[in-house]
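Now for the letters of each chain:
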Amino acid sequence: MSFDRIQEKLKILADAAKYDVSCSSSGSNRKNKNKGLGDASKSGICHTYTQDGRCVSLLKILLTNHCIFDCAYCVTRSSNDIKRAAFKVQEVVDLTLNFYRRNYIEGLFLSSGIFKNADYTMERLVAVAKKLRLEENFNGYIHLKSIPGASDELMREAGLYADRLSVNIEIPTKQGLKLLAPDKNQADFLKPMQKVKNEIIQYQSERKIIKSTPKYAPAGQSTQMIVGATGENDLQIMKTSNFLYKKYGMKRVYYSGYIPISHDHRLPQIGTPVPVMRENRLYQTDWLYRFYGFDIDEIVNEQHQFLDLDIDPKLSWALRNLHEFPVDVNKADKRMLARIPGVGMTSVAKILQARKHRNLNWEHLKKLGIALNRAQYFMTCASSKFERKDLTAHQIKGLIQQQSTSKYRSNFNNQLSLFGA
Amino acid sequence: MIQTVTYDATFDGLLTVVFTVYELKLKDIVIQKQHQQQQVLFGEVLYVMSDKDKADRVWKKLKEKTKNKATYKLYAAFLSETQGVENIILQAVQYILASKENVGLDYGHPAVLKISKLAKSVGREKHRMEAFVRFKLTKDGVYFAVVSPDFDVLSLISNHFKNRYADQQWIIYDWKRNYGLFYDLHKVEVIHLEFNSNFDPTQTSDEIFAPIELEFQQLWKDYFKSTNIESRKNTKLHIQHVPKRYWKYLSEKQP
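All values derive from a computational prediction rather than experimental measurement. (Residues numbered from 1 in each chain as written. Chains lettered and ligands numbered in written order. Predicted model: local features only at pLDDT ≥ 70, side-chain atom pairs only at ≥ 80, totals over all residues.)

Mind showing me how you'd approach helix α7 (residues 211-226) of chain B here?
Within an α-helix, residues lying three or four positions from one another point in the same direction, as the helix has 3.6 residues per turn. Along its 16 residues, α7(B) runs 24 Å from first to last C-alpha, staying within 8% of the 22 Å computed at 1.5 Å per residue. Those residues of α7(B) not exposed but buried are Glu213(B), Phe216(B), Leu219(B), Trp220(B), Tyr223(B) and Phe224(B). Down the axis of α7(B), the buried side of the element spans an arc of 140 degrees, and every buried residue falls inside it. Here the buried face of α7(B) lies against α1 (3-17), β1 (48-49), β3 (58-62) and α2 (89-101) of chain A together with β4 (136-137) of chain B. (Helix = DSSP H or I, 4+ residues; strand = E, 2+ residues; numbered from the N terminus. Expected span 1.5 Å × (residues − 1). Buried ≥ 20, exposed ≤ 12 C-beta atoms within 10 Å, placed from the backbone. Arc of directions from axis to C-beta. Contact = placed C-beta atoms within 7 Å.)

Quick look at the structure:
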C-alpha cells in the first residue's frame, strides 16, 4: 500500500470520526479460535488516552467522509468545505490488523458518511467486518455503525460479524432534530435499533436450543446524544436516554458535550466552551440509573429539570430526601447502602463483605476507603460518635463543599483570588 | 529474640518458609530475600531451601480454607516486591489457617486489608501492561516489546498475550528485571537475553526492526494526534491515565 496516500486518508478520516465518543471495547466474549489473531477482552482495554483524557481503545475511523446529508451539527455535512477522502475495504483491513498486532488497539470502530444511499454504504461497512472475520480469522472487537435506512438483510449480516452495533440519535428532542437536520426523521434512527434488538433476542433464544447458533452483536448496541446544541434540559435528555435503555435494551447511551464546529446561527458559536461539567453530571445520573438502582425521576423531574452542577446527583438527591437518613451501615440492605453519598458500588461490596466478620466503626470505614467527608452526614455505625445535630440540607451542603477540593471548584467560587490560579 | 529467615525470593520459596514456620513452631521471625539479607548482629539466620512439595501443600491448604480470589491476592501481593511483604503474607496466612470460617476476604483484619491493597496495585499494573505493551516487528518476524513495570507482573499477563496473539511470535521483555516471555507459536517460555551495549530499548533501529515497522509507528502517531479534540484538552487527566514513566516505550509518545 502507498504509505503517503494512506497517511493522508487516515488523518482526514480519523479526524472526522473523533466526535463519536464511544470507544468501549468491553462486553464481548469472542474467543480466539483456530490459532487466529485476537481475543476480545471482556472488560475492555484502553491502550492509550488522548490529550483530552479520553480512552483510545479502538481504531476509530470513517470509511468515507463524503456525505449526502447536511446536518448542521456534523463536521462532515455536505455543505462544509473540507477535504474528503475514502478508504478501500482492503486498506481498513490492513490498518486494523497491523495496529492490532502491535497491541495498539482492541479492534475497529468503523463508521461512515452516507455516500449514494444507505444500502450502498452499509454494504461496504459489512464487507470490511466480513473480510476481517472470515478471511483473516480476526477475533478482536468490531463496532459498526448501523446506517439508518439500510436493508434488514444487511443489518442481520452486520450483527453476525460485529460485536457492537450503534446508531446515534444525536439530538435528544424531535424539535431539535427538525431544526438542525431537516432531511432526517427520528423514526429513521429508531428503526435499526428495533431491528438489532429483535435479532439479538432471536439469536439468543435460538442459541439456547442449538448451541452452534452464531453470536449476534454480543456486546449489544449503543447510541450517542449531543448535549448543549439545542437548548434541551437535563430532564428531556435523561427521559430520552431512559426510553432508549428500556425500549431497545441499549448497553450504553453516550452524552457528548457539543463541540462548536460551525458558524451556523442555529448553534452555539465557535469558541463556546464544551459543557464538560454538565456532561459529567449526566454520566453520573446514567450510572445511578444503571448500577445504583435509582429511577430517573428520582434524580430529574418536573421540579428539578436541570442537574446541579456544583454537587453530584446522588448528593443532590440525598439532600432533598433527608428523611431517608441516617443509614446504619451495619444493618442496611444493599439498595440503601448504595444511596449514601460518598459510597460507591465498590465500597458497598466491601462493606457487605467486611461486616460479616465484625461491626464496623468509623476507623474501619476509613480504612476501607469510604469517602467519609460526604458519607458521615448520612450514616451511623458502631460508634457513639456521629453527627447528632439536626443539620439542614443547606448546612450539610456547605460543610461538604468547604472540605472538598474539586477541579471544577473555581467555576462556582465567587471569592476574589488574590494570587491567581 | 527475633529470628531472621531467608529464602530464594521465589513464591514457592516463601510458601516453604510458611511450611517451616509451622513445622518448627517458629515465632517472632523476619523473612528476607536471601540476596537482600541485612547483617544480623545477634541471633542466627535460618536459610529455608525452596521445596515444591511443601509449597504445594501450603497452597492446597489455603485453597481449601478460602476462595481463589483470596489466594490470587496473596500471590499478586507477593509480586509487588514491597519491602516486608513476606511477613504480611505470613500473618494473613496464619490468620486464614487459624480461623474456622473463610476469612480470606475479611478486610477488617489489617494483614488481609494490606494484602488486598497491594494486590490491587499489582492488578492495576498488570492491566496497564496489557494496555501499554507496544510490539515492534523485527527483521526476523518476531513482535518484540520492552517494558519496565513497577511490579513483577509478567507471569500474570502471559496467558492474556498467548490467547490474543496466537498466530505471531512475540517477546515481552522486562528491562528492569532482565527477563522476558517468548511465545514461539506453541508455548510461552521465560528467556534471558544479552543486548549489545548500544541497544536502546526506546528506539527503533533499522538494524533490528523491519522497514515497515517505522511506517506503522508513524501511522499510529498520526492517528493518536488526529483523534484528539483540542477544545477538550485536559492534560491532568491524560497524565493520570498514562503516567509519564510509561511514555518511553509508547510509540505514540515518541517525538
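What is the right way to look at the domain arrangement of chain B in this model?
A common way to state how big an interface is: give the accessible area lost once the parts meet. Split into domains, chain B comes out as domain 1 (3-125) and domain 2 (133-253). Of the residues assigned to the side of domain 1 of chain B that touches domain 2 of chain B, the class counts are two nonpolar, one polar and two charged. (Domains from an automatic or database assignment. Nonpolar A, V, L, I, M, F, W, Y, C, P; charged D, E, K, R; others polar.)

Just to check I follow, could you spell out the sheet that holds strand β7 (residues 179-183) of chain B for this structure?
By way of backbone hydrogen bonds, the strands of a sheet pair with one another, either parallel or antiparallel. Residue and element names in this part refer to chain B. Here we have five strands laid out as an open sheet, ordered β4-β5-β6-β7-β8, and mixed in their pairing. Either end of the sheet is taken by a strand with one partner, and the two such strands are β4 and β8 (188-191). Sheet topology places strand β6 (residues 170-174) next to β7; five bridges connect them, and they run antiparallel. In the strand pairing of β7, Ile-172 is matched with Leu-181. (Pairing = 2+ DSSP bridges.)

Explanation requested: the interface of chain B and chain A in the structure shown.
The interface of chain B with chain A comprises 40 residues on the first partner and 43 residues on the second. Those elements that place two or more of their residues in the side of chain B that touches chain A are α5 (110-132), α6 (154-164), α7 and α8 (235-241) of chain B. When residues in the side of chain B that touches chain A are grouped by element, the largest group, eight residues, is from α7(B). For the side of chain B that touches chain A, the class distribution of residues is 19 nonpolar, eleven polar and ten charged.

What should I look at first to understand the packing of helix α1 (residues 11-23) of chain B against helix α4 (residues 85-98) of chain B in this one?
When two helices pack together, their arrangement is captured by the angle between the axes and the distance separating the axes. All names here are of chain B. Direction vectors running N to C along α1 and α4 enclose 55 degrees, while the axes themselves pass 11 Å from each other. When the axes of α1 and α4 are compared, the pair comes out oblique. Note on packing geometry: the crossing formed by α1 with α4 is right-handed. Contacts between α1 and α4 pair Leu-14, Val-18 and Val-21 from the former with Glu-86, Ile-89, Leu-90 and Val-93 from the latter. Here the contact of α1 with α4 is built from residues that sort into six nonpolar, no polar and one charged. (Axes fitted to C-alpha atoms, helices over the stretch in contact; angles between N-to-C directions. Parallel < 35°, antiparallel > 145°, perpendicular 65-115°, else oblique. Left-handed = near helix turned anticlockwise from the far one by under 90°.)

Hey, could you run me through unusual backbone geometry in this one?
Glycine aside, a negative phi is what most residues show, and trans is what most peptide bonds show. The omega angle of the peptide bond from Phe325(A) to Pro326(A) is -5 degrees, so this bond is cis rather than trans. Its location among the elements puts Pro326(A) in the loop between α10 (313-320) and β9 (327-328). Despite not being glycine, Lys35(A) has its phi angle at roughly 50 degrees, a positive value. Looking at the element boundaries, Lys35(A) is found in the loop between α1 and β1. Despite not being glycine, Lys25(B) has its phi angle at roughly 50 degrees, a positive value. Of note, Lys25(B) is situated in the loop between α1 and β2 (29-33).

Sorry, what's going on with the confidence of the model for chain A here?
It should be kept in mind that the predicted coordinates are not to be read in detail where pLDDT is low. Averaged over all residues, the pLDDT of chain A is 89; the fraction at 70 or higher stands at 95%. Predicted confidence for residues 412-421 of chain A stays below pLDDT 50, and this span has two contacts to residues more than four positions away or in other chains. (pLDDT = per-residue confidence, 0-100.)

Would you mind going over the packing of helix α4 (residues 152-161) of chain A against helix α6 (residues 186-209) of chain A with me for this structure?
All names here are of chain A. Between α4 and α6, the least distance of the axes is 10 Å, while the angle of their chain directions is 55 degrees. Comparing the axis directions of α4 and α6 gives the class oblique. By crossing handedness, the relation of α4 to α6 is classed as right-handed. Between α4 and α6, the residues in contact are Asp-152, Met-155, Arg-156 and Gly-159 and Pro-192, Lys-195, Val-196 and Glu-199, respectively.

Would you mind showing me how to read the pairing of β6(B) here?
Two faces make up the sheet, and in a regular strand the side chains alternate between them. Residue and element names in this part refer to chain B. When strand β5 (residues 143-147) meets β6, the two strands line up parallel, connected through five bridges. Within the sheet, the bridge partner assigned to Tyr-143 lies in β6 and is Trp-170. In this fold, β5 hands off to α6, which returns the chain to β6; that crossover is right-handed. Joining the antiparallel neighbours β6 and β7 is a turn of four residues, in which Asn-178 adopts a positive phi near 55 degrees. (Right-handed = clockwise from strand over helix to strand, strands pointing away.)

How do you make sense of the sheet that holds strand β1 (residues 3-7) of chain B when you look at a structure like this?
Residue and element names in this part refer to chain B. Reading across from one edge, β2-β1-β3 is the order of the three strands in this open sheet, with parallel pairing throughout. The sheet terminates laterally at β2 and β3 (45-47), the two strands that pair on one side only. Strand after strand, the sheet turns through a mean of 25 degrees between neighbouring axes, direction not considered. The sheet contact formed by β1 and β2 spans five bridges and is parallel. Paired with Thr-4 across the strands is Val-30, a residue of β2.

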